[in-house]
Amino acid sequence: MVSTDDYDVLIVGAGPSGLMLATWLAKLKVRTRIVDKSSVKVLAGHADGVQCRTVEVFQSFGFAHRLVDEGAHINEVVFWQPSANGGLERSKRTPDNEPGTSRFPHAVLGQGRIERFLLDAMKGFNDLTVDRAIAPTSLTVDPALVDDFSPSSYPITLTLRHLTEEESTPTQVGAVPNGLHRSNLLSDDEADAMHGTAAGGAYAGAGQEETVRAKFVVGCDGARSWVRKQLRISLEGEAANSVWGVMDAICLTDFPDIRLKCTIHSKDAGSILVVPRERSYVRFYVQLGTTEPGQRFDRSSVTPESIIKRAQAIFAPYKLECPEIEWWTVYEVNQRVAAKVTLDNRVFIAGDAFHTHSPKAGQGMNTSMMDSYNLGWKLASVLAGKASPSLLSTYEEERHKIAKELIERDYTLSRMFAARPKEEGGTGEGVSHEDFKKFFQSIGRWASGTAVHYNPNLLTAPERETSLAPGLPHGERFSSHGVVSIADARPWHLGDRFVSDGRWRVVIFAGDVRESEQRAKLDQVAAYLDSPSGFLRTYTPADDDLDSVVEVLTVISNPRISVEPNAFPDVLWPPLKPWGSRAYDKLYADDASPVTPNDRGEIYKNLGIDPKTGCIAVVRPDQHVSLVCAIDEVEQVGDFFSRFMIPPQ
């Protein structure tokens, strides 16, 4: 046995969900270990769509540009249906996302590259890497220590086994012939592939066991989750009895929309979802058939050639050839969700361990990463003693609601995809193309991830009867718009100021501070913030910068040059250690910059905020809005924080 080690958080599974959590915890300097049974990360295939809300989160960690630059962009969806002459005809074009949904695109890039970005980030933040070819074999939770959050308490004990090459199942399965063409790998992925071999040292400790103690364990270990089984939690739901082949290929075709996202319903041959990929590849989701309830599909009957043959029948009369296939697989549609996601708020599950569904709406990797993005900052806040452990109960409250919504929408969408087309107004089984288009468009904002809404709870105040900012609903992510820095005239998207660093944000929309009454209100807010009873002084350690726990940002509605920075109270742009230099990056105007004179963000207008009276918005570390109140109600913010925040000892 290897000696026992202690960790604040142990993550089982290094897919997108586990790596997102590890990135969060690395950023927040939490003592973390992440293990995975595979000797190498995903190199080809698997998930590929990154919705714009997820790109916003990547931006908050500093690597959205890598995805935007490297990935394909999904700008338009085209619907194809059977034509009167027996072929196919284009029936509608629509934007993939409604204009104004996000400042970022819906991008498509292989899961292996997304994992690469997360791995690089967590390595850079806190030198955290994945321990591979390791799997847990036992997990126990000491009930006497569940409620003990003292620094020396580690209520969870696990045994970890270092796997042999035979025991460590490679991530890449079911492709050509083993899931990838190595010649297509980028240099950093090629290095991963090499390290995942015996020659690269992947199995040096094979057969050894070690004991690990942890304060928290999170199972991000997939649909067959070992952690979920230890908690005796089952996935509840049903199978759709629909079988699909998935393929990433270089294709030769005369189909005109091959570089656009397309849904194609043929008359008799089935349906296809076409998704353009990076490096000139195209992903096809090809309907292969259905099974009877309880019947198992013979996966061995599916080959790359059989998927191409079915795709050619659906594309007819257009031609389709696939001279190179990078990856392929076959799946049966299942919609299932775990009844609960935690044991005593000490052991959690996330991602595919929590919910499974079809890939049609592009939600699998996105929802999985947003699970752990929701959880990460909460774990860190409790571990740092900044917040009550009661905070952790909101993970199940919030993400279980989202998982159920996902299953419900996916249930409808996957069955519409698989149904036979029928004439508009026709009778009998099947789905009309018009009904399919309407439903597909109706879930657009939800699919983008920007419509995720958390119900009132410890972290989200109930909505007031008359909203002061209709564009900032409580429980939804903060909708970003352009502002300009008062100090240096630099244009910003305000959302870019919400870096994922564990801090809360309080945004003071101060209105027109040239008006004496409004300026007096702002001065009163500042006096409260700077007082011993204000939440800044209450929850910030005495030796830390005043913005280290809660960052206050101010946005005025009057022109930038109509007010001087030094006219603002000190607490709104406080001096920072070690030199006492001013925090010039706290003050903004709803105005244009000389850099972009014709581009004003109109944040007040877009969020529905009165430019004369303004308001205050409280934003969580994961960028969701907790509370909006009037400027002269600033003490409500302090009351809100008092429900769960802990003053420093």
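Keep in mind that what you see is a predicted model, and the values were worked out from it rather than measured.

Engineer: So what exactly am I meant to see when it comes to the sheet that holds strand β30 (residues 625-629) here?
Structural biologist: What links the strands of a sheet is backbone hydrogen bonding, and the strands pair in either a parallel or an antiparallel sense. Read across the sheet, 7 strands follow the order β23-β22-β28-β25-β24-β29-β30 without closing on themselves; strand pairing throughout is mixed. The open sheet has two edge strands with one neighbour each: β23 (491-493) and β30. Adjacent strand axes in the sheet meet at a mean angle of 30° when their direction is disregarded. With 5 bridges connecting them, strand β24 (residues 504-511) and strand β29 (residues 615-619) associate as antiparallel partners. Within the sheet, the bridge partner assigned to V506 lies in β29 and is V618. Sitting on the sheet, helix α12 (residues 516-530) is in contact with β24, β25 (550-556) and β29, with an inclination near 155° to β24.

Engineer: Would you explain the side chain of S266 in this entry?
Structural biologist: Looking at the element boundaries, S266 is found in the loop between β13 (261-265) and β14 (271-276). Of the polar contacts made by the side chain of S266, one reaches the backbone nitrogen of A269; its length is 3.0 Å.

Engineer: Sorry if this is basic, but what is going on with the nonpolar core here?
Structural biologist: The nonpolar side chains of a soluble globular protein tend to be buried, and buried together. Membership of the largest hydrophobic core comes to 117 residues, with the highest contact counts inside it found for I114, L529, F535 and F641. For this core, the leading source of residues is helix α8 (residues 364-383), giving 9 residues. Setting aside residues up to four positions removed in sequence, F535 forms contacts with V506, Y528, L529, V550, V637, G638 and F641. Membership of the second largest hydrophobic core comes to 29 residues, among which are I264, V274, V282 and V330.

Engineer: Before we go on, may I ask you to explain the packing of aromatic side chains in this structure?
Structural biologist: Ring pairs (aromatic) are described by centroid distance and by the angle formed between their planes. In this structure the tally under the stated criterion is 26 aromatic pairs. Consider the rings of F58 and F63, whose centres lie 4.8 Å apart with planes at 40°: the pair is tilted. No difference in accessibility class separates F58 from F63, as the two residues are buried. Ring centres of W504 and F641 lie 5.3 Å apart, and the angle between their planes is 85°; on these two criteria the pair is classed as edge-to-face. Of this pair, W504 sits in strand β24 while F641 sits in helix α15 (residues 635-641), and the two are 137 residues apart along the sequence. Each member of the pair, W504 as well as F641, is classed as buried. Ring pairs connect the aromatic residues W24, F58, F61, F63, F117, F125 and Y373, which therefore count as one cluster. The ring of F216 has R346 sitting right over it, with the charged end atom 5.1 Å from the ring centre. Here the basic side chain of R497 rests over the ring of W492, its NZ or CZ set 5.6 Å away from the ring centre.

Conventions and cut-offs
Residues numbered from 1 in each chain as written. Predicted model: local features only at pLDDT ≥ 70, side-chain atom pairs only at ≥ 80, totals over all residues. Heavy atoms only, no water. Pairing = 2+ DSSP bridges. Helix = DSSP H or I, 4+ residues; strand = E, 2+ residues; numbered from the N terminus. Axes fitted to C-alpha atoms, helices over the stretch in contact; angles between N-to-C directions. Contact = heavy atoms within 4.5 Å. Polar contact = N/O pair within 3.5 Å; in protein donor to acceptor, adjacent residues only side chain to side chain. Core = buried A, V, L, I, M, F, W, Y, C linked by side-chain atoms within 4.5 Å. Buried < 20%, exposed > 50% of the residue type's maximum accessible area, 1.4 Å probe, protein only. Phe/Tyr/Trp six-rings, centres within 6.5 Å; stacked < 30°, edge-to-face > 60°. Lys NZ or Arg CZ within 6 Å of the ring centre and 35° of its normal.

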